[in-house]
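Single-letter residue listing:
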Amino acid sequence: MTLDAHIPSGPIEQAWDKARFEMKLVNPANKRKHTILVVGSGLAGASAAASLGELGYKVRCFCFQDSPRRAHSIAAQGGINAAKNYQNDGDSIFRLFYDTVKGGDFRAREANVYRLAENSLKIIDQCVAQGVPFAREYGGMLTNRSFGGAQVSRTFYARGQTGQQLLLGAYQALERQVHAGTVTMIPRTEMLDLIVVDGQARGIVTRNLVTGELDVYFGDAVVLATGGYGNVYYLSTNAKGSNATAIWRAHKRGALFANPCFTQIHPTCIPVSGDYQSKLTLMSESLRNDGRIWVPKQKGDKRPPSQIPEDERDYYLERRYPSFGNLVPRDVASRNAKAVCDEGRGVGETGLGVYLDFGDAINRLGEHVIRERYGNLFDMYQRITDENPYKVPMRIYPAIHYTMGGLWVDYHLQSTIPGLFVAGEANFSDHGANRLGASALMQGLSDGYFIIPYTVGNYIATHKFAKVDESSSEVKSAVAGVEQTIDKLLSIKGKRTVDSFHRELGKIVWDECGMSRTAQGLEKAIGQIRALREEFWQNVTVPGSGDDLNQSLEKAGRVADFFELGELMCIDARERNESCGGHFREEYQTTDGEAKRDDEHYSYAAAWGYGGADGKPMLTKEPLEFHYVHPSQRSYK
């Protein structure tokens, strides 16, 4: 297969304007004749559904929660980037573009990233108009704070709850269209398969999570906005319900999956405290703006932090990266935290932790200023750890947070299945091998508000749509496949719970395809995952039936997908013989321990085709060309 990203020709700063002008339009009266299915109602899904509804399309929006307000988007606490340059500190669209391409270690598509930087300006205006309560300076102007991977202040925020406030803005826009009758919300529903008719995405098969009933919905286009796959690791900062089933089932129908091994480790997570945990809690990266990260200089120093003098502390990020200090990108901060802990200088009972200390900031600014900026984050930390971060340093350690990989999409956010569009974290498009902080919210809203409405319209204007016959072989096959999987899971009646399999899978993937990878470890992980998956299909127990609410059945289907996806992640990591961003192969590093890319052989997006449960996935490469930000050794020193 040859991949065509449909990148417009000409100067990059004119590409999106040119693309929009060349797109075909749908007459306003004709939009009412077309139905669009939007799966997911977080930031990307809610903004896409609201925008498409506002244009006049008939939209059905599916949510596996009871309300869009429960989407995992609310967990993006720290802020959203935009190149407004309100601080007059040298920011610009091009600098945000440059920082994002460099931060992703030159493994993202230039045209998509430039468009994201362009749209960042509109996003802030849109959200202010919706009433999002961004922090403001005394004079009333919107204020900014710094984030990792940048030397300018461009991150807009609403204390430590930016994602929640942005989601409420999108939710209100969505509910306005629900009231207007253009959008129909279908909550407590999970997509279990994609219906492809004559090579086009024309519908989905869903399960009602309350009644267990299977339903079929048809449309002229399908938009997947279902988030990332970080929960393959079991312990992650994702909500427990976050899963990859929608995009994985679409992958099995023919949508290529790109860069699955590009997963992000967030450096600012509350450390694991015991085997009983089912998820981890993220402390916002915004805390690195005023907090200083350190460990004792001496191995095995277990004194309380207040008893360790200043000259016996190692502020290792400030020492190694004087230009960026504590604001190096996430992959760099995470690897350095692991390194000092591996040396035996980690803090806490497990030794898997470093200090994030606000003592200097409190002395310099006053406790009241820190409370204004981060109060709810400090309260959350104290409730979880029973430690007062105003008095003692926080303890943090890296954890799985975000996935840069996802379904391959072109410049129009269309997958390799015509009519199937993918938005937000569910696609691979904008971040490369590492995501800069405060860019997830930016991408989700850019895709939903400002890209999908144009590109889906262009697709509808350039295609004809016959009515889908519910009795067709394609529809019957999709429904039968879902029923067969449900029946099989319920019939095994083994001795191990779904969670026990998920936890074991997660540990394999974390150990061998987490913060660092080796060819030998990845090979071992692939064998272990295959053996564990075989045991899963012989020995899992799923109580209850498929005819009513059954959360064990929900989890079993998702974990079955995670087995296949986890194996593909390890295969992708094994095939990429270089280090870049969050993908750190120990065999490929510089003399001072930094990631060492191989631009000659691996400057491409790896797009994988499904090879069957026991088959070999097929690799198609999309070459990445850099005309504006030339690849160089990434340095933050």
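*Asks:* Looking at this structure, how should I read the nonpolar core?
*Replies:* In globular proteins that are soluble, nonpolar side chains generally tend to be buried together. With 186 residues, the main nonpolar core has Ile80 and Leu224 as its most contacted residues. Looking at this core element by element, the count peaks at 12 residues for helix H16 (residues 551-575). Each of two domains, domain 1 (265-401) and domain 2 (473-599), supplies a minimum of three residues to this core. Residues in contact with Leu224, not counting those within four places in the same chain, are Val39, Met191, Ala246, Ile247, Ala250, Leu407, Leu420, Phe421, Val422, Ala423 and Ala426. One finds Ile308, Tyr315, Val347 and Tyr355 within the second-largest nonpolar core, a separate group that totals 5 residues.

*Asks:* Explanation requested: the state of the cysteines in the structure shown.
*Replies:* What is meant by a disulfide is a covalent connection between two cysteines, made through their sulfur atoms. This model, assessed by the stated rule, comprises 0 disulfides. Looking at the unpaired Cys63, the closest cysteine sulfur is the one in Cys61, lying at 7.2 Å. Looking at Cys570, it has no disulfide partner, and the nearest cysteine sulfur is the one in Cys513, 4.4 Å off. On the basis of relative accessibility, which here comes to 0%, the residue Cys570 falls in the buried class.

*Asks:* Looking at this structure, I do not really get the packing of helix H4 (residues 93-103) against helix H5 (residues 110-129). What am I missing?
*Replies:* Closest axis-to-axis distance for the H4/H5 pair is 9 Å, and the angle between their directions is 135°. On the basis of the axis angle, H4 is oblique to H5. Two packed elements cross with a definite hand, and for H4 against H5 that hand is right-handed. Along the contact surface, H4 presents Ile93, Phe94, Leu96, Phe97, Thr100 and Val101, while H5 presents Glu110, Val113, Tyr114, Ala117, Glu118, Ser120 and Leu121. For the contact of H4 with H5, the residue count by class is 9 nonpolar, 2 polar and 2 charged.

*Asks:* Would you take a moment to explain the domain arrangement of the protein for this structure?
*Replies:* One frequently used descriptor of interface size is the decrease in accessible area upon assembly of the parts. As assigned here, the protein comprises domain 1 (265-401) and domain 2 (473-599). Taking only C-alpha atoms into account, the centre of domain 1 sits 31 Å from that of domain 2. Counting residues at the interface gives 14 residues for domain 1, matched by 11 residues for domain 2. Overall, the association of domain 1 and domain 2 removes approximately 920 Å² of surface from exposure, summing both partners, and the carbon and sulfur fraction of that is 55%. In this assembly, domain 1 and domain 2 are joined by 1 salt bridge. Glu594 is the salt-bridge partner of Arg320, the closest N and O atoms lying 3.3 Å from each other. Counting only elements with at least two residues in the side of domain 1 that touches domain 2, the list comes to helix H9 (330-342) and strand E15 (394-403). Of the residues belonging to the side of domain 1 that touches domain 2, the class tally is 7 nonpolar, 2 polar and 5 charged.

*Asks:* What is the right way to look at the pairing of strand E14 (residues 354-357) in this model?
*Replies:* Every other side chain in a regular strand lies on the same face of the sheet, so the side chains alternate between the two faces. On E14, burial covers both faces: Val354 and Leu356 on one face and Tyr355 and Asp357 on the other are all buried. As judged from the 3 bridges shared by strand E12 (residues 292-296) and E14, these two strands associate in the antiparallel manner. The partner of Trp294 across the bridge, within E14, is Tyr355. Bridge count between E14 and E15: 3 bridges; the pairing is antiparallel. Note that in E15 the partner of Tyr355 across the bridge is Arg395.

Criteria and thresholds
Residues numbered from 1 in each chain as written. Predicted model: local features only at pLDDT ≥ 70, side-chain atom pairs only at ≥ 80, totals over all residues. Heavy atoms only, no water. Core = buried A, V, L, I, M, F, W, Y, C linked by side-chain atoms within 4.5 Å. Buried < 20%, exposed > 50% of the residue type's maximum accessible area, 1.4 Å probe, protein only. Helix = DSSP H or I, 4+ residues; strand = E, 2+ residues; numbered from the N terminus. Domains from an automatic or database assignment. Contact = heavy atoms within 4.5 Å. Disulfide = S-S within 2.5 Å. Axes fitted to C-alpha atoms, helices over the stretch in contact; angles between N-to-C directions. Parallel < 35°, antiparallel > 145°, perpendicular 65-115°, else oblique. Left-handed = near helix turned anticlockwise from the far one by under 90°. Nonpolar A, V, L, I, M, F, W, Y, C, P; charged D, E, K, R; others polar. Buried area = accessible area lost by both parts, 1.4 Å probe. Salt bridge = Lys/Arg side-chain N within 4 Å of Asp/Glu carboxyl O. Pairing = 2+ DSSP bridges.

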